[in-house]
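# Overview (structure and organization)
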Amino acid sequence: MTTVSAPGKVYLFGEHAVVYGEPAVPCAIEKRATVTAEPREDDHVRVEAADLSLDGFVVEYAGATTDRPDVDVPQPLLDAAMGYIDAAVQEAREAADAPEAGFDITVESEIPLGAGLGSSAAVVVAGIDAATRALGEPLDRRELADRAYQAEFEVQDGQASRADTFCSTMGGAVRVAGDDCTELTTPTLPFVVGFDGGAGDTGKLVADVRALRDRYEFAADTVEAIGDIVATGEELLREADPDAEPSDDLVSELGDLMNINHGLLSALGVSSRSLDTMVWAAREAGAEGAKLTGAGGGGCIVALDRTEETQTSLKYTPGCEDSFRAELATEGVRVEEGEAER
Ligand SMILES: Nc1ncnc2c1ncn2[C@@H]1O[C@H](COP(=O)(O)OP(=O)(O)OP(=O)(O)O)[C@@H](O)[C@H]1O
Ligand SMILES: C[C@@](O)(CCO)CC(=O)[O-]
Ligand SMILES: [Mg+2]
């Protein structure tokens, strides 16, 4: 039996634009998805996804993923339980050259689903790592990140970048532009997250932005402008001392860039009333900057604030269901139980 965890993430900036080759800087946060994989005698996959309904549920199905299991849960939930995990299992089988391998899989996650904190990437990264390890074929981190990206790409019908999966695998702050993925050093930034309790559909939101971008040149320019924001922010991070507290100037400038980034994402149609409300609540409480994070449509915002003000204000903001400080997860994918060698 092997248990592996992988972190979720917030975007300091660059989501959506990263899908078209612009750079993005996601940062891993200490909210993890944990996947346990135990090889089976047969080629079945049994998935226990405890977080997908109030009581969780269990599905078991034969090796061919086209066979739908006969269980009494709504189809969307079933698809949700199976989609990413299925893709992770397929990648693991392929990587280990074991097409018939069966598994008992358990998923537990602290990351809200579809909320912009990269739950899908964390589940896929932890899933592939747990399953390949369970087969005695651990992958190095670059290959793991690559396979996790392929899995997301497939499930999201081609609407995915390498950003979420690379960040979840490596931990810390990373820079992703097309196929170019690098780790960044960054001082510890004072992230605060607000969550509206809702979710967005990443595949659909990305497709909507793509349609706008294809239709209007100024929408394509907006995507490029997001890339310019990232390039400016990246430079600030590179100049900062990663071991020192971030200076007031740095936090303030990063905050300004986040504010502009949010405005442009909003222009591209991926914000929502509740995300905008939380962004304004954070700014009015004194946050240095605030923006939606991830695909948008609903879910989470991320703000920069060293004080407790933003978190307190979000707590009393109608439409905000939860707010918390998000610590940078310096460690990416991590073996919790089982052989840790890579
Ligand atoms: N704990 C979990 N158990 C099983 N599947 C999960 C779990 N968490 C996430 N998933 C899968 O990931 C899907 C959500 O992925 P999606 O990309 O839409 O959102 P996200 O990754 O949370 O946010 P974003 O991509 O915007 O950062 C869920 O519908 C489900 O299929
Ligand atoms: C919207 C998007 O840029 C981020 C989702 O967390 C999609 C992706 O990069 O795969
Ligand atoms: Mg996702």
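Residues numbered from 1 in each chain as written. Chains lettered and ligands numbered in written order. Predicted model: local features only at pLDDT ≥ 70, side-chain atom pairs only at ≥ 80, totals over all residues.

### Thoughts on the site of ligand 1
- Near ligand 1 there are 25 residues, and of these Ser 109, Ser 119, Ser 120, Gly 294 and Ala 295 occur at the shortest range.
- Of all elements in the fold, only α1 (75-95), β5 (102-109) and α2 (119-134) reach the threshold of two or more residues within the shell around ligand 1.
- Split by residue class, the shell around ligand 1 holds 13 nonpolar, nine polar and three charged.
- Each of domain 1 (2-184) and domain 2 (191-326) accounts for three or more of the residues forming the shell around ligand 1. (Near = placed C-beta within 6 Å. Helix = DSSP H or I, 4+ residues; strand = E, 2+ residues; numbered from the N terminus. Nonpolar A, V, L, I, M, F, W, Y, C, P; charged D, E, K, R; others polar. Domains from an automatic or database assignment.)

### Quick word on the domain arrangement of the chain
- By the assigned domains, the chain splits into domain 1 (2-184) and domain 2 (191-326).
- Computed from C-alpha coordinates alone, the two centres of domain 1 and domain 2 are separated by 24 Å.
- Each partner contributes to the interface: domain 1 provides 28 residues, whereas domain 2 provides 37 residues.
- Among the secondary structure elements, those contributing two or more residues to the side of domain 1 that touches domain 2 are β1 (2-13), β2 (25-40) and β6 (173-177). (Contact = placed C-beta atoms within 7 Å.)

### Let's talk about the UniProt feature "domain: Galactokinase N-terminal" (unreviewed entry) in the chain
- Under the UniProt annotation, the feature "domain: Galactokinase N-terminal" (unreviewed entry) is placed at residues 3-38.
- Within the segment residues 3-38, helix and strand shares are 0% and 69% respectively, and the terminal C-alpha atoms sit 9 Å apart. (UniProt positions renumbered as here; feature names shortened; annotations may be inferred.)

### Section: the packing of helix α3 (residues 141-155) against helix α4 (residues 163-170)
- Axis separation between α3 and α4 bottoms out at 8 Å; the angle between their running directions is 145°. Crossing hand, α3 versus α4: right-handed. Taken together, the residues of α4 that come into contact with α3 (itself represented by Arg 141, Leu 144, Ala 145, Ala 148, Tyr 149 and Glu 152) are Asp 164, Thr 165, Phe 166, Thr 169 and Met 170.
- Each residue belonging to the contact of α3 with α4 can be placed in one class, and the counts come to six nonpolar, two polar and three charged. (Axes fitted to C-alpha atoms, helices over the stretch in contact; angles between N-to-C directions. Left-handed = near helix turned anticlockwise from the far one by under 90°.)

### Quick word on the pairing of strand β3 (residues 45-49)
- Burial along β3 is one-sided: the residues Val 45, Val 47 and Ala 49 are buried and none of Arg 46 and Glu 48 is.
- Bridge count between β3 and β5: five bridges; the pairing is parallel. If you follow Val 47 over to β5, its bridge partner there is Ile 105. (Buried ≥ 20, exposed ≤ 12 C-beta atoms within 10 Å, placed from the backbone. Pairing = 2+ DSSP bridges.)

### Examining α3
- Its 15 residues place the ends of α3 21 Å apart at the C-alpha level, agreeing with the 21 Å of an ideal helix rising 1.5 Å per residue.
- Every buried residue of α3 is accounted for by Leu 144, Ala 145, Asp 146, Arg 147, Ala 148, Tyr 149, Ala 151, Glu 152 and Val 155.
- Immediately beyond the C-terminal end of α3, within one or two residues, lies Asp 157, with a positive phi of roughly 50°. (Expected span 1.5 Å × (residues − 1).)

### Considerations on the UniProt feature "domain: GHMP kinase C-terminal" (unreviewed entry) in the chain
- On the UniProt side, "domain: GHMP kinase C-terminal" (unreviewed entry) is annotated at positions that read residues 252-310 here.
- Split by type, residues 252-310 is 51% helix and 15% strand. Its first and last C-alpha atoms lie 15 Å apart.

### With respect to the site of ligand 2
- Lining the immediate environment of ligand 2, one finds 13 residues, of which Glu 15, Ala 160, Ser 161, Gly 294 and Ala 295 sit closest.
- Put simply, the parts of the chain that give the shell around ligand 2 at least two residues each are α4 and α5 (202-215).
- If you count residues domain by domain, the shell around ligand 2 takes at least three from each of domain 1 (2-184) and domain 2 (191-326).

### Brief notes about the confidence of the model for the chain
- In the predicted model, the chain carries a mean pLDDT of 92, and 91% of its residues have values of at least 70.
- Interface predicted TM-score (ipTM) for the complex: 0.97; the corresponding pTM is 0.93. (pLDDT = per-residue confidence, 0-100.)

### Some words on the packing of α2 against α4
- Remark: α2 packs on α4, axes separated minimally by 9 Å, with the N-to-C direction vectors making an angle of 55°. By the angle between their directions, the pair α2 and α4 is classed as oblique. Judged by the sense of rotation from one axis to the other, the crossing of α2 with α4 is right-handed. Across the interface between the two elements, Ala 121, Ala 122, Val 124 and Val 125 from α2 touch Asp 164, Thr 165, Ser 168 and Thr 169 from α4.
- Here the residues of the contact of α2 with α4 sort into four nonpolar, three polar and one charged. (Parallel < 35°, antiparallel > 145°, perpendicular 65-115°, else oblique.)

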